[in-house]
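Read off the chains here:
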Amino acid sequence: EVARREAQELGERFAKVFEFTPVPLSLVRLRDDQRLLVNPAWLQLHGISREQALVSAARFSVWADATDRRKLVEDLRRDGAVRN
């Protein structure tokens, strides 16, 4: 029960930070590039609705080159984290 409550509180804190940060953020699933979440700053930057953002991931990709994305995914899987 304690672990479940702590996990729920952590999830709520993440959601607040994600939603209220002024930095445009999106959460994308690695295996298929499906966009799962976008914050209001991301929506404002792109000028589209949340629904449009979640169904049109390829149109708003941050990857100019697919090779860059593959390298990042490989590094993330190998090391568990990446840094710019």
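One can find the structure itself at the top, above this paragraph.
Since the structure is predicted, the reported quantities are computational estimates derived from the model, not experimental observations. (Residues numbered from 1 in each chain as written. Predicted model: local features only at pLDDT ≥ 70, side-chain atom pairs only at ≥ 80, totals over all residues. Heavy atoms only, no water.)

A. Inspection of helix α4 (residues 66-79) at higher detail. With 14 residues, α4 extends 20 Å from end C-alpha to end C-alpha; this agrees with the ideal 20 Å at 1.5 Å per step. Of the residues making up α4, those classed as buried are Arg69, Val73 and Asp75. When α4 is viewed along its axis, its buried side chains cluster within an angular range of 165° and face the same direction. Within α4, the exposed residues directed more than 90 degrees away from the buried face are Glu74, Arg78 and Asp79. For α4, the capping residue at the N-terminal end is Asp65, with a side-chain oxygen 2.9 Å from the backbone nitrogen of Thr67. Just downstream of α4, Gly80 is the residue with a positive phi angle, here 80°. (Helix = DSSP H or I, 4+ residues; strand = E, 2+ residues; numbered from the N terminus. Expected span 1.5 Å × (residues − 1). Buried < 20%, exposed > 50% of the residue type's maximum accessible area, 1.4 Å probe, protein only. Arc of directions from axis to C-beta. Polar contact = N/O pair within 3.5 Å; in protein donor to acceptor, adjacent residues only side chain to side chain.)

B. Main features of the side chain of Arg69. Along the polypeptide, Arg69 turns up in helix α4. Its relative accessible area of 16% is what places Arg69 among the buried residues. In this view, Arg69 contacts Arg29, Leu30, Asp33 and Trp63; residues no more than four positions away in its chain are not counted. (Contact = heavy atoms within 4.5 Å.)

C. Layout of the pattern of salt bridges. Summed over all chains, the structure comprises five salt bridges. A salt bridge links Glu1 to Arg4; its shortest N-O distance comes to 2.8 Å. By the burial criterion, Glu1 is exposed, and Arg4 matches it. Residue Arg78 is joined to Asp75 by a salt bridge in which the shortest nitrogen-to-oxygen separation is 3.2 Å. Highlighted residues: Arg78 and Asp75, both in helix α4, separated by three residues, approximately one helical turn. (Salt bridge = Lys/Arg side-chain N within 4 Å of Asp/Glu carboxyl O.)

Shape descriptors only; they carry no functional weight alone.
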